[in-house]
Amino acid sequence: MQQVATEPMGEELSLAERAYRAVRDRLVMLEIRPGAPINEEQLAQSLGVGRTPVREALKRLQYERLITTYPRRGTFATDVNITDLAHISEVRQELEPLAAAQAARRATAADRAALTALRRQLAAVDSRRHDAAELMHLDLRVHRAIYAATHNPYLEDTLVRHDNLATRIWCLFVDRLSDMAGHVEEHGPLIEAIVAGDPDRAARLARGHVEGFERAIRGAM
């Protein structure tokens, strides 16, 4: 399984954190399909960890609306409900511009270097060679890098959770979206604005990106 490398590679992660990130991204990318049962033992074996870290990870994922537990039935990946799109977009249209502006103001030299590296990857995107999963992994990495550059853990946490839910909707309709590469490449000017320290332009581009995402999904319905 391809990993979504968004967090610092050198940091030491607890087993529960490793399990959480791995299962989270499988759920976000619909590698664990909506409605599928969640088996703690199978997940633990596939991740090479014990059941306790997996159990801790699942508690967090339930809070993030990626899994749900029914009494006497078990735990399942949540369904992707298209009626949630308006609610998710409502939050993101307000907070994504804020995050972009704050990233432009607060990004450290390390943040700017990481974003510049992602900008180079975006410039190399070729929709003929990149499959949908690769493009969505890149999209997730860009969003999470921007959120991290805000240096506001509460804003970052909120937006990661909502971007995860939006990505699940995107995955559901990916076969009907004609210009997926173009949507991902839109991040190029946004990254440039953040690296240049231009909060007004960054906020404007972020809002346009979220609005364009909702239009594309509604057009594919």
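Residues numbered from 1 in each chain as written. Predicted model: local features only at pLDDT ≥ 70, side-chain atom pairs only at ≥ 80, totals over all residues. Heavy atoms only, no water.

S.K.: Please provide a residue-by-residue account of the overall build of the chain, values included.
M.R.: When you go through the chain residue by residue, the secondary structure sums to 10 helices and two strands. Overall, the chain shows an N-to-C arrangement of helices and strands of α-α-α-β-β-α-α-α-α-α-α-α. Taken over 221 residues, the chain has a buried fraction of 49%. For the chain, the accessible area works out to roughly 11200 Å², and carbon and sulfur atoms hold 48% of it. (Helix = DSSP H or I, 4+ residues; strand = E, 2+ residues; numbered from the N terminus. Buried < 20%, exposed > 50% of the residue type's maximum accessible area, 1.4 Å probe, protein only. Areas by Shrake-Rupley, 256 points an atom, 1.4 Å probe, with all protein chains shown as cover.)

S.K.: Explain the packing of aromatic side chains to me, using residue names and the numbers behind them.
M.R.: Taken as a whole and judged by the stated rule, the model has two aromatic pairs. Relative to phenylalanine 76, the ring of tyrosine 70 has its centre 6.0 Å away and its plane inclined at 55°; by these criteria the two rings are tilted. On the basis of relative accessible area, phenylalanine 76 is assigned to the buried category, the value being 16%. The ring of tyrosine 20 is capped by arginine 60, whose NZ or CZ atom sits 3.6 Å from the centre of that ring. Seen from the ring of tyrosine 70, arginine 73 lies directly overhead, with NZ or CZ sitting 4.5 Å from the centre. (Phe/Tyr/Trp six-rings, centres within 6.5 Å; stacked < 30°, edge-to-face > 60°. Lys NZ or Arg CZ within 6 Å of the ring centre and 35° of its normal.)

S.K.: Account for the pairing of strand β1 (residues 67-70), with residues named and values stated.
M.R.: By the bridge criterion, four bridges tie β1 to strand β2 (residues 74-77) in an arrangement that is antiparallel. If you follow threonine 69 over to β2, its bridge partner there is threonine 75. In this antiparallel pair of consecutive strands, β1 and β2, the connection spans three residues, and arginine 72 shows a positive phi of 65°. (Pairing = 2+ DSSP bridges.)

S.K.: Please provide a residue-by-residue account of the environment of alanine 193, values included.
M.R.: If you trace the backbone, alanine 193 turns up in helix α9 (residues 187-195). We classify alanine 193 as buried; its relative accessible area is 1%. Separated by 90 residues in the primary sequence, alanine 193 and alanine 103 place their C-alpha atoms 9.7 Å from one another. Sequence-distant contacts of alanine 193, defined by excluding residues within four places in its chain, comprise Ala104, Asp198, Arg201, Ala202 and Leu205. (Contact = heavy atoms within 4.5 Å.)

S.K.: I'd love a proper account of unusual backbone geometry, names of residues and values included.
M.R.: Non-glycine residue leucine 30 carries a positive phi angle of around 60°. Assignment of secondary structure puts leucine 30 in the loop between α1 (15-28) and α2 (40-47). One non-glycine residue, arginine 65, adopts positive backbone phi at about 65°. Here arginine 65 lies in the loop between α3 (51-63) and β1.

S.K.: Account for the nonpolar core, with residues named and values stated.
M.R.: In terms of nonpolar packing, the biggest core is built from 57 residues, with Val23, Leu27, Ile38, Val54, Leu58 and Leu61 touching the most fellow members. Considering each element in turn, this core owes the most residues, eight residues, to helix α6 (residues 132-149). Apart from residues no more than four positions distant in its own chain, leucine 27 is found in contact with Ile32, Ile38, Leu61, Leu66, Ile67, Ala77 and Arg168. Counting residues in each nonpolar core, the second largest holds five residues, with Ala99, Tyr147, Leu159 and Val160 among its members. (Core = buried A, V, L, I, M, F, W, Y, C linked by side-chain atoms within 4.5 Å.)

S.K.: Give me the lowdown on the environment of proline 199, citing residues and values where you can.
M.R.: Inspection of the secondary structure puts proline 199 in helix α10 (residues 199-220). Between the C-alpha atoms of proline 199 and alanine 103, which are 96 residues apart in sequence, the distance is 7.7 Å. Not counting residues within four places of it along the chain, the set of residues in contact with proline 199 comprises Ala101, Ala104 and Arg105.

S.K.: Please provide a residue-by-residue account of the pattern of salt bridges, values included.
M.R.: For the coordinates displayed, the defined rule picks out 12 salt bridges. Glutamate 17 is the salt-bridge partner of arginine 60, the closest N and O atoms lying 2.6 Å from each other. Linking arginine 60 in helix α3 with glutamate 17 in helix α1, this pair joins segments that are 43 residues apart in sequence. Close ionic contact of glutamate 192 with arginine 119 constitutes a salt bridge, the shortest N to O distance being 2.9 Å. Of the two residues, glutamate 192 sits in helix α9 while arginine 119 sits in helix α5 (residues 109-123), which places them 73 residues apart along the sequence. Bridged by salt links that share partners, the residues Glu17, Arg21 and Arg60 form one connected network. (Salt bridge = Lys/Arg side-chain N within 4 Å of Asp/Glu carboxyl O.)

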